[in-house]
Amino acid sequence: MNIFERLQMLDRRWIFLVVAVAIIVPLIIPFNSKTYTTEPTEKLYRIIDSFAPGPDEKPIEKDRALLLVFTHDASTMPELFPMEIAILRHCFARNIKVFTLTFLPSAAPIMDYAINTVKEEFPHVKSGEHYVNFGYKIGALMLPIILGMGEDISEAVDIDAEGRKLSSLPIMKNIKNYNEMNLIMDFSGSSAGGAWIVYARSKFGANVGAGVTAVMAADEYPYLQTGQLTGMLAGLKGAAEYEKLVEVFALKKREFSRELLKDPEYDNAITNPDIPYKFKQARIGMNAQSVAHIMIIVFILIGNIGYFITKYKEKQQG
Amino acid sequence: MKRSIPLAIVITLGFLFVGYVFIPHKISTDFYEWYMEWIKAMSPFGVVLGIMSIVMTHSARIQHKVPNWQYSIVTLIAMFFTAYAGFAWGTQEGTPFMWLFKNVQMPMGATMFALLAFYIASASYKAFRARSAEATVLLLAAIIVMLGQVPVGVSMFGEGINDITHWILNVPNLASKRGIALGVGLGMVATSLRILLGIERTYLGGGE
Amino acid sequence: MFEMISNWVAAFLTLCIFSFLYKDNPFYKFAEYLFIGVTAGYTIPLTWEMAFIPYVYRPLFLQHKFILLIPAFIGILYIFTFNRKLNWLSRYPIAFGMGMVGMGVPLSMHASVLVQMRGAMIPIENINALLVFIGTITILLYFYFSKAHTGAYGKIVKVGIWYMMIGFGASFGYTVMARISLLIGRVQFLVADVLHIIK
């Protein structure tokens, strides 16, 4: 029995151990690595950034807003939470009006947690002026609310998570329906934009973006091509890309430019102590992801070499 | 009678909703607002169903002393205590209710799915074999996409790996997913039509 | 101090679940059943607060919209699902919710079929557009089972199979990424939030 054949017999718990080491080591020994941005992420960044008030404009007067829909529970949080943090950071840094909403009871605390985590770094940001948490609405109301917001958001949502009438909040000034709340970002582990594409986009022409777990990412390309999805953040990598875009452009109040992204100066975030951990969590995670992907590829190769050797031997023995 | 009245409700409401999509008249929006108010008033009772199901399943397990029945006590106590915490001390940030959710429910929910990483690694070692030309293509596409997602892929193979990944996702992958999506889309429309026309009735359950 | 205890509780439960990797054991079972209980218990007060109070109690008792007694009564009929003799009553709330399917027909037709077909029929200006077109057609032909996949037709649908294999490969690559990411999230919690090894 040669080494490859013996490796075939290995107890899977040894494989589990290798996986654990491959993930833990790159996380506790940080190193810088380059984040390459992709088109679906860049598109989202640019449309969200276009909602920012101009230098002479009062943020409260702005007639554009973004809705973040949290359609996931804790199980997919490692992939989706860093995206939500990065987009909220973008909104708060650029005074973009942002709303949050969920139809899942288990997503409500995640929503609070995301807002509070980012708000700590932006003391000027106030609920009702810069953002509103619409809160948790029961699942049966999903379609009525999606359709209702096409006519009047304040009426469809009625009260926010703090029990205030939406129509009484200053942020709602100049925001009536999907004409103003022009982008819906749905973060989900199961239905990228699903009902939002079918109802809000088909009936009212709203723009829909998706923050998806990587499992679903490949399935969304037909919708990206038709424009039914304006853009997409795919898994931890999508989050890492957005983290970088926010740092390079939004925080420095610069226009998007691909040239600037090539500058290696912007790829030292991981070891930069000035950037809080929560804002580079996805990029740190991508280091472990690198090691893990190589590990999986090596596993596939070793497994296949063993398989072909066994097959060859069987053939020879007739 | 027990089936035909609910069926008539579905068909009538169904066609009114078809009208709502196409006719932007006050009557259709009035209908819609009426429906919304009513469906909202019905919505909380659906949750009762789920809770009843859990209570019945686990009490039956305890009653019949099936293997590992003791754990069902854990489920029931946890359920009642969490609900009690919500009613007694509120559901806001900083309450025992939220504490339970954040430190008990969330970490366990996330870890359940994290286990899959170990199993996919073990499967890639023991099960993913290039047994045929088709399987080889599948594995190659997978390996390229995996490399294209991570920074180390570019360090090893240059930026070309990003371009190839981009091409795979936007050309053959797009075509394949579109073919499948069209099939699924037509299936969804057909199922909705069957419900609307009263041909599909399984959602009404068994019995007369 | 309180945060530390909270994190240690979460870490203990995380490790209980991970212990399943070694083998099934009482710690894992305890965590699994606890998880189901807390998840179910969590929805009860939230439904009360977010649905019952604003949509039933308030309109009925404060605004005196007594007509809403009818839908509330229909909603209560849900609970007869578990009664063998009266379970036909639970069909009423189900039927009421199902009515919305009427809207799904035209809108799903638009979103899932028509727009996708339009996307497939763009002018073939470059090789990639041609490849996408060939792929879409051959896959649709593959799913047409009324004709045997033999002869020239069989060769055409074979092209569709190759396309699908690449598509499945891409999904598989992404799935590996997703699974690993979830584990990374838990390890980050253990090493950053609990053990404070990274900051």
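Numbering of residues begins from 1 in every chain and follows the order in which that chain's sequence is written. Here the convention is simple: chains get letters from A, ligands get numbers from 1, in the order in which they are written. With pLDDT at 70 or above as the cut-off, local features in this predicted model cover only qualifying residues; side-chain atom pairs require 80 or more to be listed or tallied, and sums for whole chains, interfaces and linings still use all residues.

**Observations regarding the interface of chain B and chain A**
Okay, so step 1: Residues are treated as contacting if the C-beta atoms built from their backbones sit within 7 Å of each other. Taken together, the contacts link 43 residues of chain B with 40 residues of chain A.
Okay, so step 2: In this description a helix means any DSSP run of H or I spanning at least four residues, a strand means any run of E spanning at least two, and both kinds are numbered starting from the N terminus. Only α2 (26-63), α4 (96-126), α5 (133-149), α6 (151-157), α7 (160-170) and α8 (172-196) of chain B provide two or more residues apiece to the side of chain B that touches chain A.
Okay, so step 3: Top element by residues in the side of chain B that touches chain A is α4(B). It accounts for 16 residues.
Okay, so step 4: Residues are grouped as follows: Ala, Val, Leu, Ile, Met, Phe, Trp, Tyr, Cys and Pro are nonpolar; Asp, Glu, Lys and Arg are charged; all remaining types, including Gly, are polar. Here the side of chain B that touches chain A is composed, by residue class, of 26 nonpolar, ten polar and seven charged.

**Quick look at the domain arrangement of chain C**
Residue and element names in this part refer to chain C.
Okay, so step 1: The split of the chain into domains comes from an automatic or database domain assignment. Here chain C is partitioned into domain 1 (2-102) and domain 2 (124-194).
Okay, so step 2: Each of domain 1 and domain 2 has a C-alpha centre, and these two points are 36 Å apart.
Okay, so step 3: With four residues of domain 1 at the interface, the matching set in domain 2 holds four residues.
Okay, so step 4: Partitioning the side of domain 1 that touches domain 2 into residue classes produces two nonpolar, two polar and no charged.

**Digging into the sheet that holds strand β6 (residues 231-234) of chain A**
Residues and elements named next belong to chain A.
Okay, so step 1: DSSP bridges decide pairing: two strands pair if at least two such bridges lie between them. Within the open sheet, the six strands sit side by side as β3-β2-β1-β4-β5-β6. Their pairing is parallel. The open sheet has two edge strands with one neighbour each: β3 (131-136) and β6. Strand after strand, the sheet turns through a mean of 15 degrees between neighbouring axes, direction not considered.
Okay, so step 2: Axis geometry follows a simple rule: fit a line to the C-alpha atoms, using only the stretch in contact for helices, then measure angles between N-to-C directions, giving values from 0 to 180 degrees. Each of β1 (65-71), β4 (183-188), β5 (207-212) and β6 is contacted by helix α3 (residues 39-49), which is oriented at about 120 degrees to β6, the strand it contacts most.

**Considering the pairing of β4(A)**
All names here are of chain A.
Okay, so step 1: Any residue surrounded by 20 or more other C-beta atoms within 10 Å of its C-beta is treated as buried, while 12 or fewer makes it exposed and the intermediate range makes it partly exposed; C-beta atoms here are placed from the backbone. Judged by how many residues are buried, β4 sits mostly within the fold: six of six residues are covered.
Okay, so step 2: Here β4 shows a buried face lined by Leu183, Met185 and Phe187 and a second buried face lined by Ile184, Asp186 and Ser188.
Okay, so step 3: Bridge count for β1 against β4 is six bridges, and the pairing is parallel. Across the sheet, phenylalanine 70 pairs through a bridge with phenylalanine 187, a residue of β4.

**What to know about α2(B)**
Okay, so step 1: Residue count minus one, scaled by 1.5 Å, sets the expected span of a helix. Along its 38 residues, α2(B) runs 57 Å from first to last C-alpha, staying within 8% of the 56 Å computed at 1.5 Å per residue.
Okay, so step 2: Bend angle per residue: angle between axes fitted to the 7 residues ending at that residue and the 7 residues starting there. Along its length, α2(B) reaches its greatest deviation from straightness, about 30 degrees, at B:Ser43, and the proline B:Pro44 lies no more than four positions downstream.
Okay, so step 3: When α2(B) is considered as a whole, its buried residues turn out to be B:Ile39, B:Lys40, B:Ala41, B:Met42, B:Ser43, B:Pro44, B:Phe45, B:Val47 and B:His58.
Okay, so step 4: Summarising the contacts, the buried residues of α2(B) are in contact with α6 (142-151) of chain A, α3 (70-89) of chain B together with α2 (26-62), α3 (69-76) and α4 (91-98) of chain C.
Okay, so step 5: Downstream of α2(B) by a residue or two, B:Lys65 has a phi angle that is positive, lying close to 45 degrees.

**Section: the confidence of the model for chain C**
Okay, so step 1: Along the chain, pLDDT gives the predictor's confidence residue by residue, from 0 to 100. Mean pLDDT over chain C works out to 90, with 99% of the residues at or above the 70 mark.
Okay, so step 2: For chain C, helix α5 (residues 101-120) of chain C is the element with the lowest average pLDDT, namely 84, and helix α7 (residues 151-194) of chain C is the one with the highest, namely 93.

**Side note on the interface of chain C and chain B**
Okay, so step 1: Across the contact, 96 residues belong to chain C and 102 residues belong to chain B.
Okay, so step 2: Elements with a contribution of two residues or more to the side of chain C that touches chain B: α1 (2-18), α2, α3, α4, α5, α6 (127-142) and α7 of chain C.
Okay, so step 3: Among the elements that make up the side of chain C that touches chain B, the one with the highest residue count is α2(C) (23 residues).
Okay, so step 4: Looking at the side of chain C that touches chain B residue by residue, the class counts come to 67 nonpolar, 24 polar and five charged.

**Comments concerning the nonpolar core**
Okay, so step 1: Core analysis: the biggest nonpolar cluster contains 211 residues, and A:Leu66, A:Leu67, A:Leu68 and A:Phe99 have the highest contact counts within it.
Okay, so step 2: Filtering out sequence-adjacent residues up to four positions away, A:Leu67 remains in contact with A:Phe99, A:Leu101, A:Met181, A:Ile184 and A:Met185. Each nonpolar core comprises buried Ala, Val, Leu, Ile, Met, Phe, Trp, Tyr and Cys residues, the members being joined through C-beta atoms within 7 Å.

**Comments concerning helix α1 (residues 4-22) of chain B**
Okay, so step 1: For α1(B), spanning 19 residues, the distance from its first C-alpha to its last is 27 Å, which sits close to the expected 27 Å at 1.5 Å a residue.
Okay, so step 2: Turning to α1(B), the residues buried within the fold contact α2 and α8 of chain B together with α4 and α5 of chain C.

**Things to note about the packing of helix α4 (residues 77-93) of chain A against α7(C)**
Okay, so step 1: At their nearest, the axes of α4(A) and α7(C) sit 8 Å apart, and the two run at 75 degrees to each other. In terms of orientation, α4(A) and α7(C) fall into the roughly perpendicular class. Residues A:Met77, A:Pro78 and A:Glu79 of α4(A) touch α7(C), and the partners they reach there are C:Ala178, C:Ser181, C:Leu182, C:Ile184 and C:Gly185.
Okay, so step 2: Residues of the contact of α4(A) with α7(C), tallied by class, amount to five nonpolar, two polar and one charged. Convention used here: angles under 35 degrees read as roughly parallel, angles over 145 as roughly antiparallel, angles from 65 to 115 as roughly perpendicular, and any remaining angle as oblique.

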